Amino acid sequence: MINKIKINSRNDMLSCRIEHTMSVPQAQISLVEYLVNNKINGDIVELGCGTGNNTQYFASIFNNYNRNNIIYGFDTFYGYTEEDLVESESKFDTRLMEGYLDNQNKKRFVVDESIIKTRMKNLGFDNITKIIKGDIKETTKNFVPKSGKISMLYVDCNIYGASKAGINNLKKYFSDGCLVVVDCGFCTTPEPLVGEHEALYEYKVESGNVLYRTHFGNYIAFFVEVKK
């Protein structure tokens, strides 16, 4: 079951406090079970799949329920693009940029995409997972989900530009009831919103849909529930 509290403003997002409710794997599983139980149609799209932890949880639940859908994982596999870093520098607090640059310098998000592909194959999920490499702003432009619909867009690329573009490029495929989720939590309350939170909040305002707060482990996550 998803714990959800309605969020009305940026200040509401920033004033959230950490509350432990369930582990991260339990939370991911609960999200997909929510899609299944509420008969929300469509594939799952991840923006920022890394080594595939979330991909594995999503695929396992779809597989358990014999759900005939695909989990798509988008990632650069080399970290942030230079364009996104430049945009963030002009748009966000310098402390946020320090975090982005630290991630980039330490190559935190540099991953060989064959790792996730091999992982999915070894788990027997290679037929229901597809990995797409490249700049998310570009790779989502002409993407069409196999089912023609998206039941959940899971945004985990941290930075604003890729998050915002991914949402904008894919929103035409959102099912009624689709969840648009960001899982980049506040370990300590920041002064500004982080990039993917800002992108989600802007989508909430533009679409008129409701924004909720929930918890994955000891950090905060947010999602919009799409209504058509």
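The coordinates are above.
Criteria and thresholds
- Residues numbered from 1 in each chain as written.
- Predicted model: local features only at pLDDT ≥ 70, side-chain atom pairs only at ≥ 80, totals over all residues.
- Heavy atoms only, no water.
- Phe/Tyr/Trp six-rings, centres within 6.5 Å; stacked < 30°, edge-to-face > 60°.
- Helix = DSSP H or I, 4+ residues; strand = E, 2+ residues; numbered from the N terminus.
- Buried < 20%, exposed > 50% of the residue type's maximum accessible area, 1.4 Å probe, protein only.
- Polar contact = N/O pair within 3.5 Å; in protein donor to acceptor, adjacent residues only side chain to side chain.
- Contact = heavy atoms within 4.5 Å.

Some words on the packing of aromatic side chains
- For the coordinates displayed, the defined rule picks out 7 aromatic pairs.
- The interplanar angle of 70 degrees and the centroid separation of 5.2 Å between the aromatic rings of Tyr80 and Tyr100 together place this pair among those described as edge-to-face. Of this pair, Tyr80 sits in the loop between β3 (71-75) and α4 (82-91) while Tyr100 sits in helix α5 (residues 94-105), and the two are 20 residues apart along the sequence. Judged on exposure class, the residue Tyr80 and its partner Tyr100 are both buried.

Observations concerning the side chain of Thr76
- By the element assignment, Thr76 lies in the loop between β3 and α4.
- Among the residues examined, Thr76 registers a relative accessible area of 8% and is labelled buried.
- Only 3.1 Å separates the side chain of Thr76 from the backbone nitrogen of Tyr78, close enough to count as a polar contact.
- Within the structure, Thr76 has its side chain in polar contact with the backbone oxygen of Gly79 (distance 2.6 Å).
- Among all residues touching Thr76, those that are not within four sequence positions of it are Thr81, Lys133, Gly134 and Asp135.

Note that every value here comes from positions in space, so none of it alone points to a role or purpose.
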